[in-house]
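One-letter residues, chain by chain:
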Amino acid sequence: MSSKTISDRVEALLAEMTIEEKAGQLTQYFYFGGLPDPEPGTEIHVVPSKMRAYVEAQAKIGGVGSVLFVRDAAELNRLQKLTVEGHRLGIPLLVGYDVIHGFKTIFPMPLAVAASFEPAIAERGQSIAAKEARSIGIHWTFAPMVDIARDPRWGRIIEGAGEDPYLGAAMAAAQVRGFQGSDLAAGENVLAGPKHFAAYGASLGGRDYDEVNVSDSELHNVYLPPFEAAVKAGAENFMTAYMGVNGIPATANKYLITDVLRNEWGFKGFLVSDANAVFNLITHKFAKDKAAASAAALNAGLDMEMAMIESGYAGIPEAVANNEVSIEIIDDAVRRVLTAKAKLGLLDNPYVDVERSQKVLNDPAHRIAARESAEKTFVLLKNEKNALPLDAANLKSIAVIGPFGDNKRDLLGPWSFAFDVNETISILDGIKSRVGAGVKVEYAQGVAHERRIHPSIFDGDPNNHVNDPADFNEEVEFAKAVALAKISDVVVMVLGEQQAQIGEQAARSTFELPGRQLELLKAVAATGTKVVLLMQSGRPLDLNWASENIPAIMNIWYPGTSGGAAIANTLFGDISPAGRLPITWVRSVGQVPMIYSRHVSHEPHNSDNRYWNEPGSPLYIFGHGLSYTNFAYSDLSLDKKALSKTDSLNVDVVVTNTGNRDSDEVVQLYIHQRYGTAIRPIREMKGFKRLHIKAGESANVSFVLTPRELRYWNAAVKGWVNDSTHFDIWVGGSSAAELHGEFEVK
Ligand code: GLC
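Cut-offs applied
Residues numbered from 1 in each chain as written. Predicted model: local features only at pLDDT ≥ 70, side-chain atom pairs only at ≥ 80, totals over all residues. Heavy atoms only, no water. Buried < 20%, exposed > 50% of the residue type's maximum accessible area, 1.4 Å probe, protein only. Helix = DSSP H or I, 4+ residues; strand = E, 2+ residues; numbered from the N terminus. Pairing = 2+ DSSP bridges. Right-handed = clockwise from strand over helix to strand, strands pointing away. Phe/Tyr/Trp six-rings, centres within 6.5 Å; stacked < 30°, edge-to-face > 60°. Near = heavy atom within 4 Å. Polar contact = N/O pair within 3.5 Å; in protein donor to acceptor, adjacent residues only side chain to side chain. Areas by Shrake-Rupley, 256 points an atom, 1.4 Å probe, with all protein chains shown as cover. Nonpolar A, V, L, I, M, F, W, Y, C, P; charged D, E, K, R; others polar. Domains from an automatic or database assignment. Contact = heavy atoms within 4.5 Å. Buried area = accessible area lost by both parts, 1.4 Å probe. Salt bridge = Lys/Arg side-chain N within 4 Å of Asp/Glu carboxyl O.

Burial of strand β1 (residues 27-30) is two-sided: the residues Thr 27 and Tyr 29 facing one way and the residues Gln 28 and Phe 30 facing the other way are all buried. Sheet topology places β1 next to strand β10 (residues 305-307); three bridges connect them, and they run parallel. Across the sheet, residue Thr 27 finds its bridge partner in β10, namely Glu 305. Read as a crossover between parallel neighbours, the route from β1 over helix α3 (residues 48-59) to strand β2 (residues 66-68) is right-handed.

As structure tokens, then:
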């Protein structure tokens, strides 16, 4: 280990670099290791084999600072060797990857983890993901995705924490802690790269990549808080978003990058663009050419470009020669990138122990942790007459029906790459092993697996989709499923969207159940056999009929590698579900966007009847979720009736498990500012705690409201304010919490 300080080593390297080599350090290339070339004639224009050859040639001349999409330890060692030994400066590669919800062991999708309302679960999952990724030579993840999303037509809602900035901020900070740990050089952690800075979730019409126009108030009160929380948690990297924010591309948005992120929040790390986004400043009709694009991004404060072959940063030497960007700005950017490499210990050793990585990747404790995480995420939306839990001792036959009942790949969700699909526990597997040989468990697919061809290069990987055999006959399979339902004691129905129908480039304009799923649900229910519906979905798919006709409905999101085991434990009551909705579950797409934290109108009495053709209320509200018991809230106490603008308020409440089953409960605290210098939401979450309470027992839960929880960004004064006002406060098990208190801020 060198005795020189990081700064000394960085300065020494910088002093030796040419402008071309500096541009190289600021360029990250897709490598697409292990991906096949697309079939001729497809619309995919990326040819992985060409990319790999180009990147290797660039690495030998100091033209590459970083790569992404390599997921093999030996391959990464080879690339590092080629780079370190191939070029005079021997600067190793910084290796990035989308480790969004696990690397080989796949954890539930982030929106599912948000539904746990337990940040510790997010932190633990990302800590394991970091350990697996780092073991094979990945140093940096493009995560957490912290975009607040209030339009579920937008497929990337599944990657974040939903609609609420308070929940989003807690989940963002927890994930940064999980990824980065306490020692980046120790070889078990990775740089966290919160994305997409900023407000990507507000894409027009929920259409991925479309423009974003947000008010200052929305930007500061809704979309920025999770990013600020990530900075406070110590994030070492940020990724800028693809699109324009109020007409200024996020990639070259000085206000966001320099004024807010660096100057106001004190961010000291480095920024990377999203894919090809510096080059695409030209495509966005913002920059004239590569030199102008490079200058615009660098002058705004961006550091690295995530590039394809047509890299925008190839214009850096010309931009410097034209005095469009100063060499000092270039040097600062290179410093930040080299400092990140030094912090990770890469300047001393960029190689990994391939044998050790196999042990880390196959640690059974990781799959147990994935199951425990998944068990916390399920949201029991309806449970009429205690239809759940199922009593295995009193069942002779169970029918598992639906296209996702025996489906391993889709259970993992999108942004899953290095998995071994055979390690996935399907729902059918989970139920069979839970109930044992004494209960007959049979499967019927019922309807076809819709095959959505995803427009990305990854669709070319056959591991990424489940295809029906050529002779699949839906009429026959549909009839088989109904016949099986008729002769079974209970049906576990698994419906929803496949993993390619949500996530990036997966916006959807309607929310009906895909294909003939609803028809199948109705036909199975018509047999009279009890039906439990499991929804594999990150969107509020249309449950209007089901909510009237199906006794139990549970949203399981995309639960990951151990999903089937987690679902079985929940179905049979080994654990009680306690997840809560981090999004508003609308009745129809026409209601979008719909949020719980809306402003009151001048006619508050009919706010739930804004449409003449259907109720204006959602089907299920933010924070909703049932368990296998009930909870009562009492003894709400505030330690002050009035406080100054700098005081904090202590809030206590007693929560009692009044049922006969132990369960977790998510205690939620909401505030409402009655008047002030701007209109504020009718309710805003400013506290939540998940805790386990045994049947019949009570627990005291405490919250602290500081001036920070009570402040908001005011469009009139263009800054943060704490008003002198009166607040209502509610505490309960959802955003409809009823136990009420009030206090005054003088
Ligand atoms: C994608 C996404 C971004 C991801 C990057 C690398 O297009 O927008 O979230 O990290 O490219 O895969």
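A few words now on the packing of aromatic side chains. For any pair of aromatic rings, the description rests on two quantities: the centre-to-centre distance and the angle between the ring planes. For the coordinates displayed, the defined rule picks out 28 aromatic pairs. Relative to Phe 270, the ring of Trp 140 lies with its centre 5.0 Å away and its plane at 70°, an arrangement referred to as edge-to-face. Residue Trp 140 is found in strand β4 (residues 140-141), and its partner Phe 270 is found in strand β9 (residues 270-272); the two are separated by 130 residues along the sequence. Measuring from centroid to centroid gives 4.9 Å for Trp 154 and Tyr 200, while their planes differ by 70°, and the two rings are edge-to-face. Of this pair, Trp 154 sits in the loop between β4 and α7 (165-180) while Tyr 200 sits in the loop between β5 (191-192) and α8 (216-223), and the two are 46 residues apart along the sequence. Exposure class is identical for Trp 154 and Tyr 200. Each is buried. Here the aromatic residues Phe 30, Phe 32, Phe 69, Tyr 97, Phe 103, Trp 415, Phe 417 and Phe 458 are joined through ring pairs into a cluster of three or more.

Looking now at the sheet that holds strand β21 (residues 684-693). Reading across the sheet, the five strands line up as β18-β26-β25-β20-β21 and stay open at both edges, with mixed pairing between neighbours. Looking at which strands have only one partner, the edges of the open sheet turn out to be β18 (642-643) and β21. Two strands pair when backbone bridges link them, and strand β25 (residues 725-732) and strand β26 (residues 739-745) are joined in this way by seven bridges, in the antiparallel orientation. When the sheet's bridge partners are listed, Trp 730 is paired in β26 with His 740.

It is worth spelling out the site of the ligand at this point. Taken together, the neighbourhood of the ligand is formed by 13 residues, with Asp 98, Arg 156, His 196, Tyr 242 and Asp 274 sitting nearest. One nitrogen or oxygen atom from the side chain of Tyr 242 is found 2.3 Å from an oxygen atom belonging to the ligand. Starting from 310 Å² of accessible surface for the ligand in isolation, the protein chains cover 95%. Taken together, the residues of the shell around the ligand sort by class into seven nonpolar, one polar and five charged.

What follows concerns the domain arrangement of the chain. Here the chain is described as being made up of domain 1 (3-37 + 71-358), domain 2 (378-578) and domain 3 (631-745). Placing a centre on the C-alpha atoms of domain 1 and another on those of domain 2 gives a separation of 35 Å. In this complex, domain 1 contributes 31 residues to the contact, which on the side of domain 2 involves 31 residues. Taken over both partners, the interface formed by domain 1 and domain 2 buries close to 2,500 Å², and the fraction arising from carbon and sulfur atoms is 63%. Taken together, the connections running from domain 1 to domain 2 amount to three salt bridges. In this structure, Asp 461 engages Arg 71 in a salt bridge whose closest nitrogen and oxygen atoms are separated by 3.8 Å. There are 16 residue pairs in polar contact (both at pLDDT 80 or more) connecting domain 1 and domain 2.

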